[in-house]
2 protein chains.
Amino acid sequence: MRKRASTIYDLAELAGVSASTVSAVLSGKAKARRIAAATVANVQRLAELHKFTLNRQASGLRRSRSGLIGMIIPMHDNRFFSEMSRAFERLARERHWYPIVVSTLRDPALEIETVNTLLSYRIEQLIVTGATDPDSVGRACRAHGVAHVNVDLPGTTATSVVSDNHWGAQQLTRALIERSKPMKQRARNRIYFVGGLSTDYATQRRVAGFAETVTADMGAVHQEQIDACGYEADLAEVSLRALYERLGGLPRGLFINSTIALEGVVRFLKALPPSQMGACTIGCYDWDPFASALSFPVLMVRQDVEALLGEAFRIVDNGTFADARLVEIKPQLMFGPL
Amino acid sequence: MRKRASTIYDLAELAGVSASTVSAVLSGKAKARRIAAATVANVQRLAELHKFTLNRQASGLRRSRSGLIGMIIPMHDNRFFSEMSRAFERLARERHWYPIVVSTLRDPALEIETVNTLLSYRIEQLIVTGATDPDSVGRACRAHGVAHVNVDLPGTTATSVVSDNHWGAQQLTRALIERSKPMKQRARNRIYFVGGLSTDYATQRRVAGFAETVTADMGAVHQEQIDACGYEADLAEVSLRALYERLGGLPRGLFINSTIALEGVVRFLKALPPSQMGACTIGCYDWDPFASALSFPVLMVRQDVEALLGEAFRIVDNGTFADARLVEIKPQLMFGPL
DNA sequence: TTGTTTTGCACAATCGATTGTGCAACAATG
DNA sequence: CATTGTTGCACAATCGATTGTGCAAAACAA
């Protein structure tokens, strides 16, 4: 039985009917095409028996539908994107779409190449998560008539659903200020922002929320309080080490802009004597289950993945992606009242 | 310019040539089909200009090739599978395959349904990672002539590449024994195994390695030292709480069988006074970057994802998947010498 | 019985790209 | 000039499923 994948023609011959009849039965159009109940049963039995699977290339070609929905994400390396993948698959399956998740490594060239490939497979919808260049992606989708939404990082050509980064950063910053202990040395008596990229919208909004809250609660913000050193653990580690040496110790508080950056921070902190760490209060924008049980407490902001993607699907569902609105979803604060 | 996706026929008309000429140019067969250099250049220019993308449904149908390689994984929720996704995508791209990763939630029905759908899209290869029923998946692939390899959990119908769970568990168990402090109370002076499923091969091998080492170094193993309570954090939390109450405290050491189970364990331990935790040595089969910086040390076994998948690709590359061998890859110990 | 409807299905065109083949136009050779 | 080769491309069949249409046979009506 190790035959080639069989076609509806093979099945048709076995059943003694025509291919169009088989097609009608298998695609549930038997009633509409007035196929006798006995014929339907027979074809279904044979299809089952021979483990027949439709060729979706052929089907998709004929119907100009692929049944595919794509999502691009930057990386698979943290909980936020893991949760996005999981929720995406669930929501897609609920709608009888077949989900494809691909990571594009924050590489603009790979990003657009990936999208073009997805389009060549004729995906019908695309969720564009954390894209470095959402507008290029949007244009490509538009040229193919493919519904699309930006998530996490917004674009200007399609509706975007993003975390309320400004509000989240304000809350986290305020909590860091309230829960940290003042320090005598002026430069150390500050909260420092570490990680992310200043070219990236989410980081900009978080920096803004951070700066406003610091200004309101502690006076001015100094330029050197903000180091959007990038999205790699190593870079954050280097950045923190430099800060530590500059200040001659840890500062009053740290606002870490991603769990990846937090990884680097943790690597540096682990090497310090525990006593030093007690004086520094740490917060992280994004959540990780283990980070909540580190040897020092970490205040965390958890993005509402279900709400973000739920809204994104609603938008592709009703085709309201073209009006380029910005929808903001409040994240969840993973720290109780003082 | 918001036209429908254009076809090679549209492009042919624009260029004043036939569709077959366009096809030859775009698929790099211009030389073989003796297309004039000037014609090639013109077609390429127009293709570029109009951002033409080939319809891979049509192309795949005609050539009986899709260019797709699939991988199924159980979940997106831990580092092992995240790293698998990332490495899979990289290795696939190196080979000019287009990668599709789908999670099947450890649900046998979803698993086989997913594989059938992937087959209906005519994927050409499949990496079957951590499948609950690898042999059913293998049979489906075989029926379609699709190359496939099992990874992480082995099957009997295709070659499997798995972590050397037995060896890894032995190393981890020995380290737990050597690094932990003996306890007076007999039942607490033991290492306990928590998490995973005893129906699952990896867990069986780890339990075996654990039991052998315990027997060799500490005498007999008691049945109640092993609780393969499942793959959810909640279950591990419940299991550990029960153990704690049964023993009247934490045991000498814990062998946690996955980072997910470790999440539950950590939730329980966080609620305990720190002094109690100091006496319990913890090890985890699987690695997480944050888990290495918890408030208590965790010995970890990190699977060699690159080697696992590298080997898997080698096997699909040379088509040696049918001999149903078992290839074991040693994991990496994330703890130094004593 | 004859005419009309309904039932049940087959036929053939089609989706868009690929590929074996055929054939002008031109060049090279004798 | 006649013959043979080469170049450059078009034509048409094909992949497997879908779907508009047509047409016997059966069922029903008159």
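Report follows, based on the coordinates. Counting restarts for each chain: residues are numbered from 1 in the order of the written sequence. Chain letters start at A and ligand numbers start at 1, both assigned in the order the entries are written. For this predicted model, a pLDDT threshold of at least 70 governs which residues receive local features, and a threshold of 80 or more governs which side-chain atom pairs are given and counted, while totals over whole chains, interfaces and linings are taken from all residues.

1. With respect to the sheet that holds strand E10 (residues 253-256) of chain B
Residues and elements named next belong to chain B. Where we set the bar: Whether two strands pair depends on DSSP finding at least two bridges between them. To qualify as a helix, a DSSP run of H or I must reach at least 4 residues; to qualify as a strand, a run of E must reach at least 2; elements of each kind are numbered from the N terminus. Here, residues touch in the contact sense if the C-beta positions derived from the backbone fall within 7 Å of one another. Fitting a line to C-alpha atoms yields each axis, with helices limited to the stretch in contact; the angle taken between N-to-C directions then spans 0 to 180 degrees.
Here 6 strands make up an open sheet; going across it, the order is E8-E6-E10-E11-E12-E14 and the pairing mixed. A strand with exactly one partner marks an edge of an open sheet, and here the two such strands are strand E8 (226-227) and strand E14 (332-333). Docked against the sheet, helix H8 (residues 165-179) engages strand E6 (191-194), E10, strand E11 (281-285), strand E12 (298-302) and E14, running at close to 170 degrees with respect to E11. On the sheet, helix H9 (residues 201-218) packs against E6, E8, E10 and E11 and is oriented at approximately 175 degrees with respect to E6.

2. Observations regarding the interface of chain A and chain B
The following threshold applies: Amino acids outside the nonpolar list (Ala, Val, Leu, Ile, Met, Phe, Trp, Tyr, Cys, Pro) and the charged list (Asp, Glu, Lys, Arg) are all regarded as polar, and Gly is one of them.
Taken together, the contact between chain A and chain B spans 45 residues of the former and 46 residues of the latter. Secondary-structure elements contributing two or more residues to the side of chain A that touches chain B are helix H4 (56-63), helix H5 (79-94), strand E2 (98-103), helix H6 (108-120), helix H7 (134-143) and helix H11 (259-270) of chain A. The biggest single contributor to the side of chain A that touches chain B is E2 of chain A, with 6 residues. Tallied by class, residues from the side of chain A that touches chain B come to 18 nonpolar, 15 polar and 12 charged.

3. Topic: the sheet that holds strand E6 (residues 191-194) of chain A
All names here are of chain A. Strand order in the open sheet formed by 6 strands is E8-E6-E10-E11-E12-E14, and the pairing between neighbours is mixed. A single partner strand is all that each edge strand has here, and the edge strands are strand E8 (226-227) and strand E14 (332-333). With 4 bridges connecting them, strand E11 (residues 281-285) and strand E12 (residues 298-302) associate as parallel partners. Its bridge partner being in E12, Tyr285 is matched across the sheet by Val301. Across the sheet, H11 lies against E6, strand E10 (253-256) and E11, angled at about 140 degrees from E10, the strand it touches most.

4. Details of the pairing of E10 of chain B
All names here are of chain B. To keep things clear, this is the line we draw: Any residue surrounded by 20 or more other C-beta atoms within 10 Å of its C-beta is treated as buried, while 12 or fewer makes it exposed and the intermediate range makes it partly exposed; C-beta atoms here are placed from the backbone.
Of the two faces of E10, the one lined by Gly253 and Phe255 and the one lined by Leu254 and Ile256 are each fully buried. Note that E6 and E10 share 4 bridges and pair parallel. If you follow Val194 over to E10, its bridge partner there is Ile256.

5. Focus: the protein's contact with DNA strand C
As a reminder of what qualifies: A residue counts as near a molecule or strand when its C-beta atom, positioned from the backbone, falls within 6 Å of it.
Close to DNA strand C lie 27 residues, the nearest being Ser18, Ser20 and Ala36 of chain A together with Thr7 and Ser20 of chain B. Of the residues that constitute the surface near DNA strand C, the class distribution is 12 nonpolar, 10 polar and 5 charged.

6. Examining H6 of chain A
The condition that has to hold: In a helix, the anticipated span is given by 1.5 Å times the number of residues less one.
Look at H6 of chain A: 18 Å from first C-alpha to last across 13 residues, which is about the 18 Å you get at 1.5 Å a residue. When H6 of chain A is considered as a whole, its buried residues turn out to be Glu111, Thr114, Val115, Leu118, Leu119 and Ser120 of chain A. Elements in contact with the buried residues of H6 of chain A: strand E1 (68-73), E2, strand E3 (125-129) and H7 of chain A together with helix H4 (56-63) of chain B.

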